[in-house]
Amino acid sequence: MTPSEIETVSLKEHFTLALSALDRRVTELSEAALRAVTLAAEAQNAKLASMNELRGAMNDLATHAATRDQLDALKEKVNEVKVQVAVVAALVSLLVSVLVVIVSRWIMPP
């Protein structure tokens, strides 16, 4: 290239163009950083929401779960009912036996 073919610009124009390009780049980087911070904040909010949901579920479990004493009391009641059912079954069996004897004597008198 010959000196006549080289485009000449003043020093002021050169620095104005360079500063303008630098300003655009800084603006782009600032916008990208702002987007990154916004996405990070949204992700953190989602994480906190799920942690609050888990915390609430754990609280509900602690509030509504049966205690060991309550389970032991329930087992005791179940055992009492089992005994009562066995007694009723024995009485029904005895009653059936008595009815069989009465009916058999009624059908076939001695």
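To start, this report covers the structure provided alongside it.

Calculation criteria
- Residues numbered from 1 in each chain as written.
- Predicted model: local features only at pLDDT ≥ 70, side-chain atom pairs only at ≥ 80, totals over all residues.
- Heavy atoms only, no water.
- Helix = DSSP H or I, 4+ residues; strand = E, 2+ residues; numbered from the N terminus.
- Rg over C-alpha atoms; globule rule 2.2 N^0.38 Å.
- Areas by Shrake-Rupley, 256 points an atom, 1.4 Å probe, with all protein chains shown as cover.
- Lys, Arg positive; Asp, Glu negative; His and termini not counted.
- Charge placed at Lys NZ, Arg CZ, Asp CG, Glu CD.
- Salt bridge = Lys/Arg side-chain N within 4 Å of Asp/Glu carboxyl O.
- Buried < 20%, exposed > 50% of the residue type's maximum accessible area, 1.4 Å probe, protein only.

1. Describing the overall build of the protein chain
Along the protein chain, the regular secondary structure elements total two helices and zero strands. By the compact-globule yardstick of 13 Å for 110 residues, the protein chain is too spread out, its C-alpha radius of gyration being 46 Å. Its C-alpha atoms give the protein chain principal-axis dimensions of roughly 150 × 35 × 15 Å. Within the structure as shown, the protein chain displays about 10200 Å² of accessible surface, and the carbon and sulfur contribution to it stands at 68%. Between the mean site of the 11 positive side-chain charges and the mean site of the 13 negative ones, the protein chain shows a separation of 15 Å.

2. A word on the environment of Thr8
If you trace the backbone, Thr8 turns up in the segment before helix 1 (11–64). Residues Thr8 and Val85, 77 residues apart in the sequence, show an inter-C-alpha distance of 110 Å.

3. Examining the pattern of salt bridges
A full pass over the atoms with the stated rule returns one salt bridge. Here Arg25 ties to Glu28 by a salt bridge, and the two come within 3.4 Å at their closest N and O atoms. With Arg25 and Glu28 both in helix 1 and three residues apart, this pair spans about one turn of that helix. For Glu28, a relative accessible area of 44% corresponds to the partly exposed category.

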